[in-house]
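Breakdown of the fold
Now for the letters of each chain:
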Amino acid sequence: MKTGKAGRLGSLPRMDAKGREWRSKAGKPEVRNAARVVSSLWRAGALMLAVLAILWPQGVQAQRYRLRDGRVLEQSAVVVRDGRMVVSLGDGQAGAKGAEMTLPVSLVVELQWPEPEELRRGRAALTAGQAGEALLDADAVASRFAPFSRVPGSWWADAVGLQIRALAAAGRSGETREAAAMLLAADPRADQAAMVRVTVAGIDLSEGKTDAAAAVLTELLRDPVSAEVEIEGALLLGEVHLARLEWEKALEALLRIPAFHGRRVDLMPRVLLGSARAYRGLDDAGRVERTVLELTDRYEDSLQAATAKKEFLP
Amino acid sequence: LALASATHLVPMALNSTTELCDLTGRLARAVCMGLGMAGGCVLGHAQVQIPLVQVLAEAETHRTARRFAEVAALLDRAVARVSQGERLPEGVDPDRLQMAAATAHVRTGGFARASALAKAVVAATKAKSLQSEARFVWGLALALDQKFAEAVPVFAELALDPNHRDRAWLYQAIAAREAGQIEVAIAAYERVLAQAPQDGDWADAALAWVSLQLQRGQLAEVERGLVWLRGRPEAVDNVVGLALLTLQAGDAAMTAEDAIAALAAYQSVPSKVELVRLHEERDRRLEVQIAGLRALSGAGAADSDAVRRLELRRAQAKQALSELNRSGDFDASVLLRRGRAFQARGQVWEAALVLGRLVERHPAAAEREVAFATLVRAYAESGRLDRTLETARRLIEAYPKSELSAQALAVAAQAAGDRGNRPEQLHFLELALDRSPPPELRETLLLLHANALFAAGQHDAARTASGRSLETFPEGRFVEDAVYLKTMAGFVMGKQERALEELAAYLARFPGGRFAADAGYRMAAAEFALERYEPASASVSAWLEAHPEDHAQRGEVLSLHGDILAARSLPDEAIAAYELALEHPLSDDGRGYILDELTRIQLARREFEPAARRWEAFAERNPDHAFTINAAYWIGRIRTQAGDRPAALASMAMVARRHLADPRKEDVERLLLELARVASGAVPGGSGAGVGSAETWLLTPELGGVPTARARAWFVDAEVAALRRDEARRDALLEQIARTCSPDVLPAGLLGRLGDHRRAAGDPEQARVYYTALVAAAPRSHFADFAYVGLGELALASGNPSEALVQFEAAIDLAGARFKLLEATLGRARALFALERWTEAKVLFEQIASNRAWRGEATARSVFALGEILAREGDPDALAKAQGFYQRVYLGYRKFAPWVARAYLRSGETFERLGQRTEAVATYRELLRDNRLTASAEAEVARRHLARLEGEGSAT
């Protein structure tokens, strides 16, 4: 391959967004300028020097698109619009006055992108019980990465995963199921798929479909899974078994949290209340007393402690 | 961890050497430049004496080439010439020259020389900064020469200089540790930890400090240090080292029986995968940091020192990682530790989860065998017998020669015994005995085996087993136990003469033995059983005289005394003895027996008033006693028999009122049922006259305002209506309760009744609400079987036999099926039938069909089901047998029309399958002749069959 500008540009795949070869009438790849369309790539030679800087492979710290031929586009030089990438050929800033080149997004084989701040914020919001806020953040990221949903390095699946959990937390079960089906159809990573299935099981539980929820969660937790999936899944499975009055199974699910994730003290009030109910079901008065005491003593400000006081104490 | 080992010191010393060599180089360059002879030399004299400037320049050249021995030699020569009076070039300080020489000697291992040079600089120079640098080199040289104790005060002095403070404390701590001055080391580390920035060096110091505290056994301090480190995870580069140290801390806490601290430590250790990931992340970070510092153009001494420290830390982290990799299955070892810590804390469910994971996910781990044995105990202590036994079996299967197996099998046997599962208890004790346990355990196992046989009612075998124990261990620890067990086994076998001999022999051999008092009592009981009342009385009297007033068995002996007196037809004396017995501690059974005997004697003598008063007094004194219900039962019967129903009701109501407002007191319902029986007149001598609504005679004005109490009063009325066969009123009253009371104010007994009521009324969802509320709030209630059976029926009705089976089994296994044993057993059989588990279903249907007490519709249904099970086999023999069952239904259970209809139809169809057309026609006609059945669905099918058969007949 030539190292000159023509050589580099000549190696650009010439496909449109639908994967079709995309050429001008003259059979040459099309390059556009904000003011005028330059029909011949070769006539844009003067601008090519400027674009070299953004088309040459670089490090991984910033936000970049890596193309099929190994070259990399800086995010700042690209606007994604209608399933296409409009690449600025001017001063390297997208939207700046100068020549532009439109490329199909299908050329992108990898995103080199740090985790979007909105995702972190959304997760925190969800943990804090602000499902609406979480949903806004998740939507923003999901929309931004939608054109690259299946591209390695894309944050789309993570965003949709958060979206699903936020929808579930907001009680929008129908939309949760739709979004879950969409994500599962997109062949996400195993841990993402597992978390989606846990979330849907939560919806099943809320709708009284405990058989379905129990089956999914039991199968999920049979083999090693990520800590996040095990924690969410075990808590939910515990509640499913409590609803089914299966006390021993409920304990075996709930107590996975202290047994394997003992640092998650934030979850202990939920675990302790459920355990106390299960111990009561097993007629283990000693453990009921100890569990309730631990809950009301160590987590006295929790909602679960207040419930336990009403439910267990004279 | 080797944190403070000599190898730790060496690289630090080298850092400093490099720094000082840099200094030498700069000095030499400066000298050369000062003379305008950069890189040049001075012409020598005839007697060749290389000028000092040239010597220094040459030293610099060697330093650049990292030939430090040459540097040291040249600088030594320069120092010597200066000491002989030769002048140094302008601008070159003799103290700095000595420092450079000292530094070069440190680099080449000439620590004694380095130490002497640096010490001389400390003494000579007035420049504070140089003095500190010299002191630093001096300390380092001493330390590297293994003279740690001498290095300690040198670093302590150095720490007075604020510019060197943090590093001086750190090096002082390291030297003190090596010198065995643990307290000094700890104090120095504490100064570092308190004042130095919380960076990688700080984390190294914290790790070392924790390690020292661990050596001293100061576990609280260890925990404090680990908390610091966990609070600054980003500062710790040696994450694996921290994990290993944390495990050591946990182990020390376990040894000190502080399971809470141990658990906290073990729980903070990540998995191996996570540790390796963190290690690699930190290693990359260190690599980047080192590269960054190296890339700095004109890197100064401080950067060079920092590089060395980072390289050292990186090496230590790698060393820790290799230790981790050498440690077998790291995750399994952590899981075992956690499991044991949970077990020690009494968190046996958590222990079982952790150990279970080890067993399942680490099949090749060395820790698995121990985990299996500990898991058996965890399951046993959490009351899960099936899991206990299964795990014990898996242990001996996986590790047939395990030395832990006998103990684990004994634990399993004990668990089975605790749950009353004698066959499994005996089986596991025998397995344990087969595994050649050590003698101490063997003797225990032999006695436990004999005891288990005794408890299983195999008294003859228990005698044999006790004898075996005595033969094997004639002087063992449990000889007395074995002798008495053998004697007692003979006693309960009814061989009273032999028992008397053996009891006497026991008392002769162990006159002050642990069972002597019991033996005396048993001798009296044996005489009584032989109807030798005089010697029995004499034995009792002797016992009462020989034992103190507060002896635990006194009540029992007095009760026996009452029996003897009653048998001798001395009722007044018997009553006196029984009443005296009641004043002593007794088991519930013993107390109930005496109260019943007293009542029986007094009723036989028509002494109604004192009999009733005794029960009333008992209920008054023991409002929460299990026999309060018996009291109400007897009060109702005695006072009704005496013709005073109002007094009976008043007295029983008084007993009931005490807990009427509390939904958790479920015994009240059983008492209310007795009340309803008396109120309805359904007791011997009872009157059918109405007594008005229970609201008027059961509730006080205060209780009238309590929903629970009001619901209970309506429940009494509903029961009265039911006993009087007024089902409409019963249903109306139950509806009234359902309408006005939420489930959370209703007691278990009412929840069960209301669930059944709603289910019968075709409202499964509301029924489920009541059943679920009952099981969730009081799963072990006396009335819990109402809920489990109800939920089972709902599951069967919704086509979920698996779920139904679980619920019916819970009704029996968890709730004890106190009220619904038949329904639960029949439900199990039906669920098994629906699941096509024919053999199990058949066993249960046979059990129901053969139970006389259950004779009724359940029998008809079971007999029909037995026919169905056989009919599906299809061969003539089975069909003939099935026919027998169908005929049993329509001949023997005609009262149950739906089953009669089904039996006729299936019988006719079976005749057809057997080719007996005439009999089939006759059977269908028989069905159609019964007026009760002509409108049934079965009749309709029979008509079609008949038409077909008759059509075929006429065609023929």
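About the cut-offs
- Residues numbered from 1 in each chain as written.
- Chains lettered and ligands numbered in written order.
- Predicted model: local features only at pLDDT ≥ 70, side-chain atom pairs only at ≥ 80, totals over all residues.
- Heavy atoms only, no water.
- Helix = DSSP H or I, 4+ residues; strand = E, 2+ residues; numbered from the N terminus.
- Buried < 20%, exposed > 50% of the residue type's maximum accessible area, 1.4 Å probe, protein only.
- Areas by Shrake-Rupley, 256 points an atom, 1.4 Å probe, with all protein chains shown as cover.
- Contact = heavy atoms within 4.5 Å.
- Buried area = accessible area lost by both parts, 1.4 Å probe.
- Salt bridge = Lys/Arg side-chain N within 4 Å of Asp/Glu carboxyl O.
- Polar contact = N/O pair within 3.5 Å; in protein donor to acceptor, adjacent residues only side chain to side chain.
- Axes fitted to C-alpha atoms, helices over the stretch in contact; angles between N-to-C directions.
- Parallel < 35°, antiparallel > 145°, perpendicular 65-115°, else oblique.
- Left-handed = near helix turned anticlockwise from the far one by under 90°.
- Nonpolar A, V, L, I, M, F, W, Y, C, P; charged D, E, K, R; others polar.
- Pairing = 2+ DSSP bridges.
- Phe/Tyr/Trp six-rings, centres within 6.5 Å; stacked < 30°, edge-to-face > 60°.
- Lys NZ or Arg CZ within 6 Å of the ring centre and 35° of its normal.
- Expected span 1.5 Å × (residues − 1).
- pLDDT = per-residue confidence, 0-100.

Each helix and strand counted, chain B has 49 helices and 0 strands in total. Residues classed as buried in chain B amount to 52% of the 956 residues present. For chain B, the exposed surface amounts to about 42,200 Å²; the carbon and sulfur share of it is 52%.

Further remarks concern the overall build of chain A. Assigned secondary structure in chain A consists of 14 helices and 8 strands. Out of the 314 residues in chain A, the part that is buried amounts to 50%. Of the roughly 15,200 Å² that chain A leaves accessible, carbon and sulfur atoms contribute 52%.

The next point concerns the environment of L278(B). All names here are of chain B. Within the fold, L278 resides in helix α14 (residues 272–295). Judged by relative accessible area, which is 15%, L278 ranks as buried. Separated by 39 residues in the primary sequence, L278 and V239 place their C-alpha atoms 7.0 Å from one another.

Let's shift gears to the interface of chain B and chain A. Taken together, the contacts link 31 residues of chain B with 28 residues of chain A. Summed over both partners, the interface of chain B with chain A comes to about 2,400 Å²; 50% of that surface belongs to carbon and sulfur atoms. There are 4 salt bridges connecting chain B and chain A. Here E230(A) ties to R357(B) by a salt bridge, and the two come within 2.5 Å at their closest N and O atoms. Where chain B touches chain A, the interface holds 7 residue pairs in polar contact (both at pLDDT 80 or more). Every element with two or more residues in the side of chain B that touches chain A is listed here: α13 (259–267), α16 (330–344), α17 (348–361), α40 (764–777), α41 (784–797) and α42 (801–813) of chain B. The leading source of residues in the side of chain B that touches chain A is α17(B), at 7 residues.

Next up on the list: the packing of helix α26 (residues 516–529) of chain B against helix α27 (residues 533–546) of chain B. Residues and elements named next belong to chain B. Between α26 and α27, the shortest axis-to-axis distance is 7 Å and the interhelical angle comes to 160°. Comparing the axis directions of α26 and α27 gives the class roughly antiparallel. As α26 runs across α27, the sense of the crossing is left-handed. Between α26, through A517, G520, Y521, A524, E527 and F528, and α27, the contact on the second element is made entirely by Y533, P535, A536, S539, V540 and W543. A per-class count over the contact of α26 with α27 returns 9 nonpolar, 2 polar and 1 charged.

Next up on the list: the pattern of salt bridges. Oppositely charged side chains can form a pair if their charged atoms are brought close together. What the rule picks out here adds up to 91 salt bridges over all chains. As a salt-bridge pair, R384(B) and E252(A) come within 2.7 Å of each other at their nearest N and O atoms. You can see R384(B) sitting in the loop between α18 (368–381) and α19 (385–398) and its partner E252(A) sitting in helix α10 (residues 247–254), one on each of two chains. Through salt bridges with shared partners, a single ionic network connects D201(B), D204(B), E234(B), D237(B), R285(B), R309(B) and R313(B).

The next thing to look at is the pairing of strand β7 (residues 99–104) of chain A. Taken residue by residue, a regular strand's side chains alternate between the two faces of the sheet. All names here are of chain A. Among the 6 residues that make up β7, 6 are buried, leaving the element largely enclosed by the rest of the structure. By the alternation rule, side chains of β7 split into A99, M101 and L103 and E100, T102 and P104, which are all buried. Where strand β6 (residues 84–88) lies against β7, 5 bridges are found, and the strand directions are antiparallel. From the neighbouring strand, R84 faces β7, where its bridge partner is P104.

What follows concerns the sheet that holds strand β8 (residues 108–112) of chain A. Whenever strands of a sheet pair, they do so through backbone hydrogen bonds, lying parallel or antiparallel. Residues and elements named next belong to chain A. If you walk across this open sheet you meet the 3 strands as β4-β3-β8, and the pairing is antiparallel. Each edge of the sheet is formed by a strand with only one pairing partner; in this case those strands are β4 (72–74) and β8. Sheet twist, expressed as the average angle between the axes of neighbouring strands with direction ignored, equals 25°. Inspection of the sheet shows strand β3 (residues 64–67) paired to β8 by 4 bridges, in the antiparallel sense. Considered in β8, the bridge of Y65 is made with L111.

Moving on: unusual backbone geometry. Trans peptide bonds make up the majority, and among non-glycine residues the majority have a negative phi. Its identity is not glycine, yet D283(A) carries a phi of approximately 65°, on the positive side. Assignment of secondary structure puts D283(A) in the loop between α12 (268–281) and α13 (285–298).

Right, let's get into the side chain of R614(B). Mapping R614(B) onto the fold places it in helix α31 (residues 608–621). When sequence neighbours within four positions are dropped, the list of residues in contact with R614(B) reads I575(B), E579(B), L595(B), L598(B) and Q602(B).

By convention here, two paired aromatic rings are described through the distance between centres and the angle between planes. One pass over the full model with this rule turns up 25 aromatic pairs over all chains. Here the aromatic rings of F786(B) and F819(B) are separated by 5.7 Å at their centres, their planes lie at 50°, and the arrangement is tilted. Highlighted residues: F786(B) in helix α41 and F819(B) in the loop between α42 and α43 (821–834), separated in sequence by 33 residues. By relative accessible area, which is 5% here, F786(B) ends up buried. Among the residues examined, F819(B) registers a relative accessible area of 34% and is labelled partly exposed. Members of the aromatic cluster, each reached through a chain of ring pairs, are Y65(A), W113(A), F145(A) and F148(A). Here R167(B) stacks its cationic end above the ring of F136(B), 4.1 Å away from the centre of that ring.

All names here are of chain A. Bridge count between β3 and β4: 3 bridges; the pairing is antiparallel. The residue bridging Y65 from the neighbouring strand is L73, located in β4. Between β3 and the antiparallel strand that follows it, β4, lie 4 residues; G70 among them carries a positive phi value of about 95°.

Let's shift gears to the side chain of S132(B). Residue placement: S132(B) occurs in helix α6 (residues 128–144). Other than its neighbours up to four places away in sequence, S132(B) contacts L158(B), D161(B) and H164(B).

Moving on, we come to helix α9 (residues 182–195) of chain B. For α9(B), which comprises 14 residues, the first-to-last C-alpha distance of 20 Å matches the rise-based estimate of 20 Å (1.5 Å per residue) to within 8%. Tucked into the core, α9(B) has its buried residues touching α8 (165–178), α10 (200–216) and α11 (219–231) of chain B.

The subject of this paragraph is α26(B). All names here are of chain B. The end-to-end C-alpha distance of α26, which contains 14 residues, comes to 20 Å, matching closely the 20 Å that a straight helix rising 1.5 Å per residue would cover. The buried fraction of α26 amounts to 10 of the 14 residues, a majority that puts the element mostly inside the structure. Those residues of α26 not exposed but buried are A516, A517, D518, A519, G520, Y521, A524, A525, A526 and E527. In this structure, the buried side of α26 is in contact with α24 (479–492), α25 (496–509), α27 and α28 (554–567).

Below, the discussion takes up the confidence of the model for chain A. Mean pLDDT over chain A stands at 79; residues scoring 70 or higher make up 77%. In this model, residues 1–61 of chain A is a region of pLDDT below 50 whose contacts with residues beyond four sequence positions or in other chains number 103 contacts.

For the rest of this paragraph, the subject is the confidence of the model for chain B. Residue and element names in this part refer to chain B. For chain B, the mean per-residue pLDDT works out to 89, and 93% of the residues sit at or above 70. Residue range residues 1–46 is modelled with pLDDT below 50. Its contacts to residues more than four positions away, or to other chains, number 92 contacts. Across the assembled chains, the prediction reports ipTM 0.73 with pTM 0.70.

All names here are of chain B. Orientation of helix α30 (residues 588–604) relative to α31, taken along the N-to-C sense of each, is 160°, at an axis distance of 8 Å. The orientation of α30 with respect to α31, classified from their angle, is roughly antiparallel. The way α30 lies across α31 gives a crossing that is left-handed. Packed against α30, whose contacting residues are R591, L595, D596, L598, T599, Q602 and L603, the element α31 presents F608, P610, A611, R614, W615 and F618 at the interface.

So, about the environment of L73(A). With respect to the secondary-structure elements, L73(A) resides in strand β4. L73(A) sits in the buried class, given a relative accessible area of 0%.

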